Amino acid sequence: MNKINRLFADNKDRKLLSLYFCAGCPTAEDTADVIRAMQRHGISMVEVGIPFSDPMADGPVIQDAATKALRNGMTLQKIFDQLKEAKDEIDIPVILMGYLNVIMQYGIEDFCRACADSGVSGAIIPDLPFSDYMAKIKPVADKYGIRIVMLITPETSEERIRLIDSNTEGFLYMVSSAATTGAQQSFDDSRLEYFRRINDMGLRNPLMTGFGISNRQTLESAQMYSAGAIIGSKFVTLLNESRNADEALDRLMVALAE
């Protein structure tokens, strides 16, 4: 079974926590070390960002991390090489998050094959049109057992959400707002109503909520209406400040309890 599917099958009542970081930041050599640290701290799943020069869905923190990673010489091939070397030590699901341009340059089949070879369970491609996913990506990803995770936002229609739900196999990434990534202090009533509305749809796939989660209030709000939460900008900030994954994770746990 794909590790993503196994995670949700084995944790139906547990509120999961997934973290994002950009490969190559703060250094080009520590991708596997960061994932190992997450695993030691009980993180449920990890999203590894593929650095790109124009990350349109990302806010300033992750944009800055991508710029630093590119300056450090990080490439998609280096990510695969590092993950492949460490795959026997990594039990939690690893998902690559990156933009379509980079993946198309690498080659769709080569990308999916490399994911399988390096222990990657899935991919999130924010700018992937659903029609292209169905026609070009899904058949190849299914061949290699790679789960393609699609994003939904408050503006996504119920019809489209159900279409995505019926044609994906991992989880749905419930974006908290139509804005870019970035830490927030709280979610307002309209945001909570959106979470509640999607949760009440009775979808086939589990939901994970991301964008804006940085403290106990936003974490609990996200976990109340989904299987778990995804944290990116807050952890990236702490990792850049400490330059040590274990220390950054300790600081994150403190922030999530406040």
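These figures come from a predicted structure and were not determined experimentally.

Draft legend 1. Here's a closer look at the nonpolar core. If you look at the biggest cluster of nonpolar residues, it comprises 96 residues, and the most contacted ones within it are Leu-96, Phe-111, Phe-171 and Phe-235. The element contributing the most residues to this core is strand β1 (residues 16-22), with six residues.

Draft legend 2. Structural context of helix α11 (residues 233-242). Of all ten residues in α11, seven are buried, a share of seventy percent or more. Turning to α11, its buried residues are Ser-233, Phe-235, Val-236, Leu-238, Leu-239, Asn-240 and Ser-242. Just downstream of α11, Arg-243 is the residue with a positive phi angle, here 60°.

Draft legend 3. Structural detail: the pattern of salt bridges. One pass over the full model with this rule turns up twelve salt bridges. In this structure, Arg-162 engages Glu-158 in a salt bridge whose closest nitrogen and oxygen atoms are separated by 3.2 Å. One end of the pair, Arg-162, and the other, Glu-158, are both in helix α8 (residues 158-166), four residues apart, so they sit about a helical turn from each other. Ionic pairing is found between Glu-169 and Arg-204, a salt bridge with its closest N-O pair at 3.4 Å. Linking Glu-169 in the loop between α8 and β7 (172-175) with Arg-204 in the loop between α9 (189-199) and β8 (207-210), this pair joins segments that are 35 residues apart in sequence. When its relative accessible area of 37% is taken as the criterion, Glu-169 is described as partly exposed. Here Arg-204 falls in the partly exposed class, since its relative accessible area comes to 46%. Sharing partners across several salt bridges, the network here consists of Glu-109, Asp-110, Arg-113 and Lys-143.

Draft legend 4. Inspection of the environment of Phe-171 at higher detail. Structurally, Phe-171 can be placed in the loop between α8 and β7. Once residues lying within four places of it in the same chain are set aside, the contact partners of Phe-171 are Ile-4, Phe-8, Met-45, Ile-95, Val-149, Met-150, Asn-205, Pro-206, Met-208 and Ile-230.

Draft legend 5. Quick look at the side chain of Lys-138. Tracing the backbone through its elements, the reader meets Lys-138 in helix α7 (residues 130-144). Within polar-contact distance, the side chain of Lys-138 engages the side chain of Asp-142 at 2.8 Å. When near neighbours in sequence (up to four residues on either side) are disregarded, Lys-138 contacts Tyr-133 and Asn-167.

Draft legend 6. Structural detail: the environment of Tyr-20. Inspection of the secondary structure assignment puts Tyr-20 in strand β1. Residue classification places Tyr-20 among the buried positions, given a relative accessible area of 7%. Sequence separation between Tyr-20 and Arg-6 is 14 residues; the distance between their C-alpha atoms is 20 Å. When neighbours within four sequence positions are excluded, Tyr-20 is seen to be in contact with Glu-47, Val-48, Gly-49, Ile-62, Met-97, Ile-231, Gly-232, Phe-235 and Val-236.

About the cut-offs
- Residues numbered from 1 in each chain as written.
- Predicted model: local features only at pLDDT ≥ 70, side-chain atom pairs only at ≥ 80, totals over all residues.
- Heavy atoms only, no water.
- Core = buried A, V, L, I, M, F, W, Y, C linked by side-chain atoms within 4.5 Å.
- Buried < 20%, exposed > 50% of the residue type's maximum accessible area, 1.4 Å probe, protein only.
- Helix = DSSP H or I, 4+ residues; strand = E, 2+ residues; numbered from the N terminus.
- Salt bridge = Lys/Arg side-chain N within 4 Å of Asp/Glu carboxyl O.
- Contact = heavy atoms within 4.5 Å.
- Polar contact = N/O pair within 3.5 Å; in protein donor to acceptor, adjacent residues only side chain to side chain.

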